[in-house]
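In case you want the letters, here they are:
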Amino acid sequence: QVQLVESGGGLVQPGGSLRLSCAASGITFSIYAMGWYRQAPGKQREMVAHITSGGSTNYANFVKGRFTISGDNAENTVYLQMNSLKADDTAVYYCNADPRVNRGSSARVYWGQGTQVTVSS
């Protein structure tokens, strides 16, 4: 059974920080890239950050220099450290596990349930 459990969302003032966590089970980290996406009300889902099993990272331009993605292989957990938060960062943040680079384009992608991040003064 594959499960991605997210936590760490909440209400924070502009300029503040939050750390999101995604605990994965039923997934072999060595063949999955892990990532974070977000979706604001009435908007399309967008990629925030990805990290490969080898530690290579990729960020959306709008979070470069503010957010950091990292993983703890021993605990099968991926984190998103969010600093200098802006009102535009308000969204539901989703954890993602993607094996396609190692298993082909038809492999299944998994998603967490999402955690709400609200940035407001």
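Residues numbered from 1 in each chain as written. Predicted model: local features only at pLDDT ≥ 70, side-chain atom pairs only at ≥ 80, totals over all residues. Heavy atoms only, no water.

**Details of the state of the cysteines**
The criterion, for reference: Disulfide: a pair of cysteine sulfur atoms within 2.5 Å of each other. Only DSSP runs of H or I covering at least 4 residues are called helices, and only runs of E covering at least 2 are called strands; the numbering of each starts at the N terminus.
Evaluated as defined, the whole model comprises one disulfide. Through a disulfide, Cys22 is tied to Cys95; the S-S separation comes to 2.0 Å. For the disulfide bridge between Cys22 and Cys95, the dihedral angle about the S-S bond is near -85 degrees, and by the sign convention the bridge is left-handed. A residue pair is termed long-range when its members are at least 10 positions apart, and Cys22 in strand β3 (residues 18-25) and Cys95 in strand β9 (residues 91-98) qualify at 73 residues.

**Side note on the environment of Gly16**
Under the convention used in this document: Type-normalised accessible area, obtained with a 1.4 Å probe on protein chains alone, sets the label of each residue: buried when under 20%, exposed when over 50%, and partly exposed for intermediate values. Should any heavy atoms of two residues lie within 4.5 Å, those residues are counted as being in contact.
Within the secondary structure layout, Gly16 lies in the loop between β2 (10-12) and β3. Using a relative accessible area of 18% as the deciding quantity, one classes Gly16 as buried. In this structure, the C-alpha to C-alpha distance between Gly16 and Met82, residues 66 residues apart in sequence, is 8.3 Å. Apart from residues no more than four positions distant in its own chain, Gly16 is found in contact with Met82, Asn83, Ser84 and Leu85.

**What about the packing of aromatic side chains?**
Applicable threshold: A pair of aromatic rings is counted whenever rings of Phe, Tyr or Trp (Trp by its six-membered ring) have centres within 6.5 Å, and the orientation is called stacked for planes under 30 degrees apart, edge-to-face for over 60 and tilted otherwise. Counting as a charge over the ring demands two things of the Lys NZ or Arg CZ atom: a distance within 6 Å of the ring centre and an angle within 35 degrees of the ring normal.
Inspection of every chain in the model, using the stated rule, returns one aromatic pair. With centroids separated by 4.9 Å and ring planes inclined at 70 degrees, the aromatic side chains of Tyr37 and Trp111 adopt a geometry described as edge-to-face. Residue Tyr37 is located in strand β4 (residues 33-39), and its partner Trp111 is located in strand β10 (residues 110-111); the two are separated by 74 residues in the primary sequence. Exposure remark for Tyr37: the relative accessible area of 15% places this residue in the buried category. Take Trp111: its relative accessible area is 33%, and that puts it in the partly exposed class. A cation sits over an aromatic face here: Arg45 above Tyr37, 5.9 Å from the ring centre.

**A short note on the side chain of Glu6**
Using the following cut-off: Under the rule applied, a polar contact is a pair of N or O atoms within 3.5 Å (in protein, one hydrogen donor and one hydrogen acceptor; residues adjacent in sequence only if both atoms are side-chain atoms).
One can find Glu6 in strand β1 (residues 3-7). Among the polar contacts made by the side chain of Glu6, one reaches the main-chain amide nitrogen of Gln113 at a distance of 3.4 Å. There is a polar contact of 2.3 Å between the side chain of Glu6 and the backbone nitrogen of Gly114. Residues in contact with Glu6, not counting those within four places in the same chain, are Ser21, Cys22, Trp36, Tyr93, Tyr94, Cys95, Gly112, Gln113, Gly114 and Thr115.

**Focus on the sheet that holds strand β7 (residues 67-72)**
Across a sheet, strands are paired by hydrogen bonds formed along the backbone, either parallel or antiparallel in direction. Quick note on the threshold: The criterion for strand pairing is that DSSP finds at least two bridges linking the strands in question. To obtain an axis, a line is fitted to C-alpha atoms, over the contacting stretch when the element is a helix, and the angle between two such axes runs from 0 to 180 degrees between their N-to-C directions.
The four strands lie next to each other as β1-β3-β8-β7, forming an open sheet whose pairing is antiparallel. Looking at the sheet topology across the chains shown, the edges are occupied by β1 and β7. Taken pair by pair, the neighbouring strands of this sheet meet at an average axis angle of 15 degrees, ignoring direction. Two elements, β3 and strand β8 (residues 77-82), share six bridges in a ladder whose sense is antiparallel.

Honestly, that's just the spatial picture; any functional story needs more than this.
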